[in-house]
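Next come the chains, spelled out residue by residue.
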Amino acid sequence: MNHSPDIGDGTRAVRAGLPEPVKHEPTLPGPVFAAHFHLPGDPTGPYTYGRDENPTWTHLEQAISELEAPGGSVETVAFASGMAAISAVAFSQLRAGDAIVLPDDGYQALPLLRERLEAYGVEVRTAPTGGDAQLQVLAGARLLWIETPSNPGLDVCDIRRLVREAHAGGTLVAVDNTLATPLGQRPLELGADFSVASDTKGMTGHGDILLGHVTSGDPELAAGVRRWRKVVGAIPGPMEAWLAHRSLATLQLRIERQCANALVLARALAERDDVSGVRHPGLPGDPSHAVAARQMRRFGSVVSFVLPDRDKAERFLGELRLVEEATSFGGVRSTAERRGRWGGDAVPDGFIRFSVGAEDPEDLLADVLNALDTVRRQAGH
Ligand code: PLP
């Protein structure tokens, strides 16, 4: 059941995807471990073989659909990871001779996707996320891929505007909504054909699951994605799917707290003279803020900023006590990393991507400011 669009995000999150109550059954049925299902006679669905469907996925997919499009009629397909979800859209939609527009400042595995697509004869054009630069290279493309806010630069593009222009020219639009989560932004309501995410991040929020999803309001597009999952077999394990569904119940609590904390941190960092380039779409002075405020309901839990050099960035990370040095983002425990260490992003050596967790804001702030002060003191000697 897709609950009324009028209920609040918290109410929706705790109830999303729950089946109708059945006496003596649990509220959220446990994970179904099955490679195959009893299937006498003609092989009709819904549950035949474990690579095609699983009741635990069905509940999770229903939950994500409710979050992506409250009150709407959409379909979600769950995947083993965010990259599996991204690949499913790209490879189910594109043929040799088609063109796709990718961000040149998006998730650092997109160049790997580009390589593969080009090897299959797909033309790949790129554009930066900010300023709707995609419009310049859109003509005749089959698919426009948007990542907004972008990872790790946190630029934002105008989804409504890009969708309008893309659709006018027959181009489909997919939005990687990983950073925002459906509580921060609902791409399908802004007109996109696909909302795609790595649910490894804020959606599940505990840093212990890899998962992804694709949601579409177009049954044919969704069927293509579902068929791709069957072909490639990038299916979620039932345990992961169940854990993800369980985690969604706290989505609103986590995201609300983490987004609020992120804004507190971004504001404090923006005031320091030893920190530059603070980016967070929720900061009123941020280059992304005006567009973000029109299309986002929460601004995300990631803050990025630049310390003067690699050494200071590494020492800052080493001084943090409540923040783990780790990649990924969106979890309840704050993490941070010097993004340049991977070598794939066009960022300065001292660039920090900070994923803000659900700690008490005063503790988190004290930890970060103390680490910055310590680095500053050391530099003074
Ligand atoms: N999209 C974005 C924006 C990401 O940041 C990531 C991972 O960091 C992915 C997709 C890929 O997700 P996964 O690691 O679950 O495959």
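A. Just the environment of Ser150, in detail. Along the chain, Ser150 falls in the loop between strand E4 (143–147) and helix H5 (159–168). Judged by its relative accessible area of 1%, Ser150 falls in the buried class. Along the primary structure Ser150 and Tyr107 are separated by 43 residues, whereas in three dimensions their C-alpha atoms are 7.4 Å apart.

B. Focus on the pattern of salt bridges. For the structure shown, the criterion picks out 33 salt bridges. Arg376 is the salt-bridge partner of Asp274, the closest N and O atoms lying 3.7 Å from each other. Remark: Arg376 occurs in helix H11 (residues 361–380) and Asp274 occurs in the loop between helix H8 (251–270) and strand E8 (276–279); sequence separation between them is 102 residues. Using a relative accessible area of 15% as the deciding quantity, one classes Asp274 as buried. Its relative accessible area of 39% is what places Arg376 among the partly exposed residues. Asp286 serves as the salt-bridge partner of Arg279, at 2.9 Å between the closest nitrogen and oxygen. Accessibility expressed as a relative area gives 6% for Asp286, which makes it buried. The network of salt bridges with shared partners includes Glu325, Glu337, Arg339, Arg341, Asp345 and Arg353.

C. Inspection of unusual backbone geometry at higher detail. Across the junction of Gly45 and Pro46, the peptide omega takes the value 10°, indicating a cis bond. Position of Pro46 among the secondary structure elements: in the loop between helix H1 (9–15) and helix H2 (55–68). A cis amide bond, omega 10°, links Asn151 with the succeeding residue Pro152. Considering the arrangement of structural elements, one finds Pro152 in the loop between E4 and H5.

D. The arrangement of the site of the ligand in detail. In the vicinity of the ligand, 14 residues are found, and the nearest of them are Met83, Asp176, Ser198, Thr200 and Lys201. At 2.8 Å, a backbone N or O of Met83 approaches an oxygen atom of the ligand. The side chain of Lys201 places a nitrogen or oxygen atom 2.8 Å from an oxygen atom of the ligand. The protein chains hide 92% of the 390 Å² of surface that the ligand would expose on its own. The element contributing the most residues to the shell around the ligand is helix H3 (residues 82–93), with three residues. Broken down by class, the residue content of the shell around the ligand amounts to five nonpolar, six polar and three charged.

E. Layout of the state of the cysteines. All chains considered together, the criterion is met by zero disulfides. With no disulfide partner, Cys157 has as its closest neighbouring cysteine sulfur the one in Cys259, 18 Å distant.

F. Focus on the sheet that holds strand E1 (residues 75–79). Taken in spatial order, the seven strands of this open sheet run E1-E7-E6-E5-E4-E2-E3, and their pairing is mixed. One side of each edge strand has no neighbouring strand; the edge strands of this open sheet are E1 and strand E3 (123–127). Each strand of the sheet is rotated relative to its neighbour by a mean of 20°, with strand direction disregarded. Both strand E2 (residues 99–103) and E4 contribute to a ladder of two bridges, which runs parallel. Bridged to Ile100 within E4 is Leu143. Along the sheet face, H2 touches E1, strand E6 (194–198) and strand E7 (212–216) and points at about 125° away from the line of E1. Its contacts with the sheet put H5 on E4 and strand E5 (172–176), and the angle it makes with E5 is roughly 155°.

G. Layout of the domain arrangement of the protein chain. Split into domains, the protein chain comes out as domain 1 (9–248) and domain 2 (252–380). Across the boundary between the two partners, domain 1 contributes 36 residues, which contact 31 residues of domain 2. When the two sides are added together, the surface that domain 1 and domain 2 hide from each other amounts to roughly 2,700 Å², 52% of it contributed by carbon and sulfur. Looking only at domain 1, the three residues that lose the most surface to domain 2 are Gln108, Pro152 and Leu154, adding up to 23% of its buried area. Taken together, the connections running from domain 1 to domain 2 amount to four salt bridges. The partner of Arg279 in a salt bridge is Asp155, with the nearest N and O atoms 2.9 Å apart.

H. Geometry of the nonpolar core. Phe79, Val89, Ile100, Leu117, Trp145, Phe194 and Val196 are the most contacted members of the largest nonpolar core, which has 27 residues in total. Among the secondary structure elements, those contributing two or more residues to this core are E1, H3, E2, helix H4 (110–119), E4, E5, E6 and helix H6 (219–232). Here the element with the most residues in this core is H3; it accounts for seven residues. Once you skip the residues sitting within four places of it in the chain, Phe194 turns out to touch Val89, Gln93, Leu172, Val173, Ala174, Val175, Leu188, Val214, Thr215, Ser216, Leu221 and Val225. Residues Leu307, Ala313, Leu320 and Val375 belong to the second largest nonpolar core, which totals 24 residues.

Here is what the cut-offs are and how they apply
- Residues numbered from 1 in each chain as written.
- Predicted model: local features only at pLDDT ≥ 70, side-chain atom pairs only at ≥ 80, totals over all residues.
- Heavy atoms only, no water.
- Helix = DSSP H or I, 4+ residues; strand = E, 2+ residues; numbered from the N terminus.
- Buried < 20%, exposed > 50% of the residue type's maximum accessible area, 1.4 Å probe, protein only.
- Salt bridge = Lys/Arg side-chain N within 4 Å of Asp/Glu carboxyl O.
- Near = heavy atom within 4 Å.
- Polar contact = N/O pair within 3.5 Å; in protein donor to acceptor, adjacent residues only side chain to side chain.
- Areas by Shrake-Rupley, 256 points an atom, 1.4 Å probe, with all protein chains shown as cover.
- Nonpolar A, V, L, I, M, F, W, Y, C, P; charged D, E, K, R; others polar.
- Disulfide = S-S within 2.5 Å.
- Pairing = 2+ DSSP bridges.
- Axes fitted to C-alpha atoms, helices over the stretch in contact; angles between N-to-C directions.
- Contact = heavy atoms within 4.5 Å.
- Domains from an automatic or database assignment.
- Buried area = accessible area lost by both parts, 1.4 Å probe.
- Core = buried A, V, L, I, M, F, W, Y, C linked by side-chain atoms within 4.5 Å.

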